[in-house]
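Examination of the molecular architecture
Below are the chains, spelled out letter by letter.
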Amino acid sequence: MERRLPIVVVVRLAPAEPAGTDREERTYTDNVSAHGAHIFSRHPWQFGDKVRVTPVNEESTACGKVVYCHKLADNRYDIGVTFQDRPVTWSVVRRYDGIQISPLAKLKSS
């Protein structure tokens, strides 16, 4: 298990192959870690499908595989993706993950 960052990132989600497919969609994440993400989709995905996930404001694409797909009540799907080639280096993830909360700050917020 690794720490999930509860951040929303607007992304382009598409099958890894072939590039330029009509199935590419603009969507968003629910949470992200260095090696995976929970993403919402308008399409059902199969376990093992290879995907490309690219934040809309960046060129850094993460490629991975679908590890689960659940249908939601509003005819959308939530999918789990594991990134295989390398950890994500999206700027929003680096920025959020770099925030350190001191023990004193945690006590004050309690």
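Preceding this section is the structure that the text describes.
The following paragraphs examine the structure supplied in this document.

Calculation criteria
- All residue numbers refer to position in the chain's written sequence, counted from 1.
- For this predicted model, a pLDDT threshold of at least 70 governs which residues receive local features, and a threshold of 80 or more governs which side-chain atom pairs are given and counted, while totals over whole chains, interfaces and linings are taken from all residues.
- Calculation of side-chain values draws on the structure's entire complement of heavy atoms; hydrogens and water are dropped beforehand.
- Numbering of helices and strands runs from the N terminus; a helix is a DSSP stretch of H or I covering at least four residues, while a strand is a stretch of E covering at least two.
- For each residue, the accessible area found with a 1.4 Å probe, counting protein chains only, is set against the maximum for its type, and the residue is called buried under 20%, exposed over 50%, and partly exposed in between.
- Contacts between residues were defined by any pair of non-hydrogen atoms, one from each residue, lying within 4.5 Å.
- Under the convention used here, a 1.4 Å probe and the Shrake-Rupley method define accessible areas, while residue burial counts only the protein chains that appear.
- The definition of a polar contact used here is a pair of N or O atoms within 3.5 Å, where within protein one atom must be able to donate a hydrogen and the other to accept one, and adjacent residues in sequence count solely through side-chain atom pairs.
- Aromatic pairing here means that ring centres of Phe, Tyr or Trp (its six-membered ring) are within 6.5 Å. Orientation follows from the plane angle: under 30 degrees is stacked, over 60 is edge-to-face, and everything else is tilted.
- Note on geometry: a ring has a charge over it if NZ (lysine) or CZ (arginine) is within 6 Å of the ring centre and within 35 degrees of the ring normal.
- Salt bridges are defined by distance alone: a side-chain nitrogen of Lys or Arg within 4 Å of a carboxyl oxygen of Asp or Glu.
- What goes into a patch is any residue over 30% in relative accessible area without a salt bridge, connected to like charges within 9 Å or, for nonpolar side chains (Val, Leu, Ile, Met, Phe, Trp, Tyr), within 5 Å.

Here we come to the overall build of the protein chain. Per the secondary structure count, the protein chain includes 2 helices and 6 strands. Along the chain direction, N to C, the helices and strands of the protein chain fall in the order β-β-β-β-β-β-α-α. Burial analysis of the protein chain (110 residues in total) assigns 35% to the buried set. Intrachain contacts of the protein chain at a sequence separation of at least 6 include 55% that bridge at least 24 residues. Within the structure as shown, the protein chain displays about 7000 Å² of accessible surface, and the carbon and sulfur contribution to it stands at 53%.

Quick look at the environment of Cys69 now. As for its placement among the helices and strands, Cys69 is situated in strand β5 (residues 62-71). Placed 11 residues apart in sequence, Cys69 and Gly80 show a C-alpha to C-alpha distance of 6.6 Å. When neighbours within four sequence positions are excluded, Cys69 is seen to be in contact with Pro44, Trp45, Tyr77, Asp78 and Ile79.

A separate point is the side chain of Thr27. For Thr27, the position within the fold is in strand β2 (residues 25-33). You can call Thr27 buried: its relative accessible area is 8%. Among the polar contacts made by the side chain of Thr27, one reaches the main-chain carbonyl oxygen of Phe40 at a distance of 2.5 Å. Every residue in contact with Thr27, bar those within four places of it in the chain, is listed here: Val9, Val10, Val11, Leu13, Ile39, Phe40 and Ser41.

Our focus in this paragraph is the packing of aromatic side chains. Geometrically, a pair of aromatic rings is defined through the distance of the ring centres and the angle of the planes. Following the criterion strictly, the structure yields 1 aromatic pair and no others. Centroid distance Tyr28 to Phe40: 5.1 Å. Interplanar angle 45°. Geometry classified as tilted. Separated by 12 residues along the polypeptide, Tyr28 in strand β2 and Phe40 in strand β3 (residues 36-41) bring together distant segments of the chain. Sitting over the ring of Trp45, Arg23 keeps its end group 3.9 Å from the ring centre.

Close approach of charged atoms allows side chains with opposite charge to pair. Overall, the coordinates contain 3 salt bridges when judged by the stated rule. In this structure, the salt-bridge partner of Arg12 is Glu24, at a minimum N-O distance of 3.9 Å. With Arg12 in strand β1 (residues 10-15) and Glu24 in the loop between β1 and β2, the pair connects residues that are 12 residues apart, well separated along the chain. Linking Arg42 and Glu25 is a salt bridge whose minimum nitrogen-to-oxygen distance equals 3.8 Å. With Arg42 in the loop between β3 and β4 (50-55) and Glu25 in strand β2, this pair connects stretches of sequence that are 17 residues apart.

Taken together, the side chains of Val8, Val10 and Tyr28 make up a nonpolar region of the molecular surface, amounting to roughly 240 Å² of accessible area. Note on Tyr28: relative accessible area 31%, which makes it partly exposed.

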